[in-house]
Amino acid sequence: MFSEGHLLYFDPFKFHNGTQKPKFFVVLKHDGNGLLLASLPTSKDQNTYPVAEFEEQSRLGEMKIILKGKMEAGLFDDLRDCLKKSACVKNKFKRIL
């Protein structure tokens, strides 16, 4: 479910500041332990998250994670290239991509 290019719907998503709301994300990178997610619509919301945290919240019924689809390979590559060149994306995330 957490493969690169997957479109995920979290209900509710728990942000670092404690806010909770349903949210769509695209998985930009998955390294086995953590995910780099971009919220949709993409703006300045790119963050890394531990996969185990999502799995635990889902298992406990605190959050539903629904796979909504997978981006076409060419389109996904274009998105990553765009984010790598964006002035709004932090350098640490550009290096991960």
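Relevant structure appears above.
Residues numbered from 1 in each chain as written. Predicted model: local features only at pLDDT ≥ 70, side-chain atom pairs only at ≥ 80, totals over all residues. Heavy atoms only, no water.

J.: How would you sum up helix α1 (residues 51-59)? Please name residues and give values.
T.: Within the sequence span of α1, burial applies to Val-51, Phe-54 and Gln-57. Seen from one end, α1 has its buried residues packed into an arc of 135 degrees, which puts them on one side. Exposed residues on α1 whose side chains face more than 90 degrees from its buried face are Ala-52 and Arg-59. After α1 finishes, the residue Gly-61 shows a positive phi value of roughly 80 degrees. (Buried < 20%, exposed > 50% of the residue type's maximum accessible area, 1.4 Å probe, protein only. Helix = DSSP H or I, 4+ residues; strand = E, 2+ residues; numbered from the N terminus. Arc of directions from axis to C-beta.)

J.: Requested: an account of the environment of Leu-35, with residues and values cited.
T.: With respect to the helices, strands and loops of the structure, Leu-35 is situated in strand β3 (residues 34-40). It is 16 Å that separates the C-alpha atoms of Leu-35 and Ser-58, two residues lying 23 residues apart in sequence. If near-sequence neighbours (up to four positions away) are discounted, Leu-35 is found in contact with Phe-2, Val-27, Lys-29, His-30, Asn-47, Thr-48, Tyr-49, Val-51 and Phe-54. (Contact = heavy atoms within 4.5 Å.)

J.: Explain the nonpolar core residue by residue, including any values.
T.: With 14 residues, the main nonpolar core has Phe-2, Phe-10, Phe-13, Leu-35, Leu-37, Phe-54 and Ile-65 as its most contacted residues. Counting residues per element, the ones that place at least two in this core are β1 (6-14), β2 (20-30), β3 and α1. Among the elements that line this core, the one with the most residues is β1, at three residues. Not counting chain neighbours up to four residues away, the residues in contact with Phe-13 comprise Thr-19, Gln-20, Lys-21, Pro-22, Lys-23, Phe-25, Tyr-49 and Phe-54. One finds Val-26, Leu-28, Ala-38 and Val-89 within the second-largest nonpolar core, a separate group that totals eleven residues. (Core = buried A, V, L, I, M, F, W, Y, C linked by side-chain atoms within 4.5 Å.)

J.: Break down the pairing of β3 for me, citing the residues and quoting the values.
T.: Of all seven residues in β3, six are buried; the element is thus mostly enclosed. Taken together, the six bridges between β2 and β3 define a ladder with antiparallel strand orientation. What sits directly across from Phe-24, in β3, is Leu-40. Between β2 and β3, which follow one another and run antiparallel, lie three residues, and Gly-32 among them has a positive phi close to 100 degrees. (Pairing = 2+ DSSP bridges.)

J.: Report on the packing of aromatic side chains, specifying residues and quantitative values.
T.: Given two aromatic rings, their pairing is described by the distance between the two centres and the angle made by the two planes. Applying the stated criterion to the full structure yields nine aromatic pairs. Taking 5.4 Å as the distance between ring centres and 85 degrees as the angle between the ring planes, the aromatic pair formed by Phe-10 and Phe-13 counts as edge-to-face. Phe-13 shares its class with Phe-10; the two are buried. Their ring planes at 55 degrees and their centres at 4.9 Å tell us that Phe-10 and Phe-54 sit as a pair that is tilted. Here Phe-10, found in strand β1, pairs with Phe-54, found in helix α1; they are 44 residues apart in sequence, far enough to count as distant. Each member of the pair Phe-10 and Phe-54 is classed as buried. Members of the aromatic cluster, connected to one another through ring pairs, are Phe-2, Phe-10, Phe-13, Phe-25, Tyr-49 and Phe-54. For the cation-ring pair, Lys-68 lies above Tyr-9, with the distance from its terminal atom to the ring centre recorded as 5.8 Å. (Phe/Tyr/Trp six-rings, centres within 6.5 Å; stacked < 30°, edge-to-face > 60°. Lys NZ or Arg CZ within 6 Å of the ring centre and 35° of its normal.)

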